[in-house]
Amino acid sequence: MCQNCDFRTGLFKNRILIETGVDGLYGRSGVFEDVIQRFDNLITSFGGVDKAEVVRFPPGMNRALFEKSGYLKSFPNLAGTIHAFNGNDKDHAALIDKLQAGEDWTLGQEATDVVLAPAACYPLYPTVAQLGALPEGGRLYDLQSYCFRREPSKDPARQQFFRMREYVRIGSPEQVTDFRQTWLDRGNELIGKLGVPFHLDVANDPFFGRAGRMLANNQRDQRLKFELLVPIESEEKPTACLSFNYHQDHFGTLWGIAQHDGEVAHTACVGFGMERVALALFKHHGFDVDKWPSPVRKALWG
Ligand code: ATP
Ligand code: ZN
């Protein structure tokens with residue numbers, strides 16, 4: 001049971017989100033998309049001055065690079081892979097037979113060279129490594145992508161396909177930690193304009209299994225991840241709407257990204273959960289955007 005079915009039902013009834021029969025997989029209304037677009041613009045109004053390089057990847061990524069990224073070590077339960085039919089006429093007939101008999105036709109599907117991107121920044125790092133050593137000032141990217149995580153839920157803020165806008169900083173430890181601090185401050189100011197209750201806290205990723213608990217503790221102890229949380233599904237367990245991650249030299253070492261002086265590059269990213277922020281707005285200001293408080297309307301629509 002979800003604690004907050006009224007909100008979920010309200011989203012469907014008001015056709016903000018459209019049910020598909022799969023938890024965490026929803027259609028989006030024009031109103032919802034407009035809120036997302038306005039929030040996207042608000043992010044740019046804070047981050048645009050930094051002149052980040054804009055890159056947009058599709059929601060699928062190169063499987064070989066995904067394998068190398070280590071995602072499967074930490075989050076095997078969340079990964080989504082793309083399989084496809086790769087047979088002949090006989091295999092096709094067998095597939096149709098199975099389908100008609102109500103049997104499992106998917107067993108004949110073969111893994112392709114594409115997997116679903118779990119975060120907007122995963123496809124980026126190997127492409128940066130290809131550019132050679134970083135310039136003296138490091139690099140800064142502006143990303144946005146639909147991401148997939150296999151975490152079906154009745155909580156409308158936990159979706160299987162959702163959009164993540166990210167700024168990713170790659171450079172010296174100092175450049176990267178400065179970037180994160182700047183975005184912690186900006187995040188406060190930015191979400192402050194939306195009139196929703198929020199707070200910042202140290203956090204950890206949902207690493208899988210027993211070994212994962214150690215990774216999670218380590219991440220917390222070193223304060224490598226912060227989240228900006230807003231109550232959506234429940235008051236006691238507010239939802240992470242923005243994440244601020246410092247990966248130290250993890251991706252720099254993994255992908256072979258060197259700083260200007262040859263040292264291994266450090267990386268950090270700030271991630272905005274676009275659907276989560278939109279849902280936080282609908283949760284706290286109601287389903288009718290025309291009735292949202294005027295400072296909030298002004299922040300989004302100008
Ligand atoms: P959570 O702790 O809630 O599972 P996370 O720590 O796994 O989130 P990140 O990996 O930091 O989240 O992802 C960056 C941002 O993407 C999050 O701050 C959040 O806003 C958004 N996000 C993550 N998972 C989901 C999801 N299942 N549905 C919608 N948005 C999500
Ligand atoms: Zn990231």
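Our structure is the block above this text.
Residues numbered from 1 in each chain as written. Chains lettered and ligands numbered in written order. Predicted model: local features only at pLDDT ≥ 70, side-chain atom pairs only at ≥ 80, totals over all residues. Heavy atoms only, no water.

K.L.:
Mind laying out the overall build of the protein, listing which residues take part and the relevant values?
P.N.:
The number of helices and strands found in the protein is 11 helices and 12 strands. Taking the principal axes of its C-alpha atoms as reference, the protein extends roughly 60 × 55 × 35 Å. Every one of the 302 residues in the protein was classed for burial, and the buried ones make up 47%. Within the protein, residue pairs in contact and separated by at least 24 positions form 70% of the contacts whose partners lie at least 6 positions apart. Accessible area for the protein stands at about 15200 Å²; split by element, carbon and sulfur atoms hold 51% of it. (Helix = DSSP H or I, 4+ residues; strand = E, 2+ residues; numbered from the N terminus. Buried < 20%, exposed > 50% of the residue type's maximum accessible area, 1.4 Å probe, protein only. Contact = heavy atoms within 4.5 Å. Areas by Shrake-Rupley, 256 points an atom, 1.4 Å probe, with all protein chains shown as cover.)

K.L.:
Got a sec to walk through the side chain of Arg-163? Specific residues and values, please.
P.N.:
Looking at the element boundaries, Arg-163 is found in strand β8 (residues 161-171). Residues within four places of Arg-163 in sequence aside, it is in contact with Arg-28, Glu-33, Ile-36, Gln-144, Ser-145, Tyr-146, Phe-272, Gly-273, Met-274 and Glu-275.

K.L.:
Kindly report on the sheet that holds strand β7 (residues 139-148), identifying the contributing residues and their values.
P.N.:
Read across the sheet, seven strands follow the order β3-β7-β8-β12-β11-β10-β9 without closing on themselves; strand pairing throughout is mixed. At either margin of the open sheet sits one strand with a lone partner, and together these are β3 (53-55) and β9 (199-202). Between one strand axis and the next, the sheet turns by 20 degrees as a mean value, whatever way the strands run. Where β3 meets β7, three bridges bridge the pair, whose relative direction is parallel. Its bridge partner being in β7, Glu-53 is matched across the sheet by Tyr-141. Contacts from helix α2 (residues 30-47) reach β7, β8 and β12 (266-273) within the one sheet, and its direction differs from that of β8 by about 10 degrees. (Pairing = 2+ DSSP bridges. Axes fitted to C-alpha atoms, helices over the stretch in contact; angles between N-to-C directions.)

K.L.:
Lay out the side chain of Gln-109 in plain terms, naming residues and giving numbers.
P.N.:
With respect to the element layout, Gln-109 can be found in the loop between α5 (89-100) and β6 (110-116). Take Gln-109: its relative accessible area is 17%, and that puts it in the buried class. Sequence-distant contacts of Gln-109, defined by excluding residues within four places in its chain, comprise His-83, Ala-84, Phe-85 and Leu-95.

K.L.:
Give me the packing of α2 against helix α7 (residues 173-192): which residues, what numbers.
P.N.:
Axis separation between α2 and α7 bottoms out at 11 Å; the angle between their running directions is 135 degrees. In terms of axis orientation, α2 runs oblique to α7. You can see that α2 and α7 cross each other, and the crossing is right-handed. Of the residues in α7, those in contact with Phe-39, Leu-42, Ile-43, Phe-46 and Gly-47 of α2 are Trp-183, Arg-186, Glu-189, Leu-190 and Ile-191. Its residues assigned to classes, the contact of α2 with α7 comprises seven nonpolar, one polar and two charged. (Parallel < 35°, antiparallel > 145°, perpendicular 65-115°, else oblique. Left-handed = near helix turned anticlockwise from the far one by under 90°. Nonpolar A, V, L, I, M, F, W, Y, C, P; charged D, E, K, R; others polar.)

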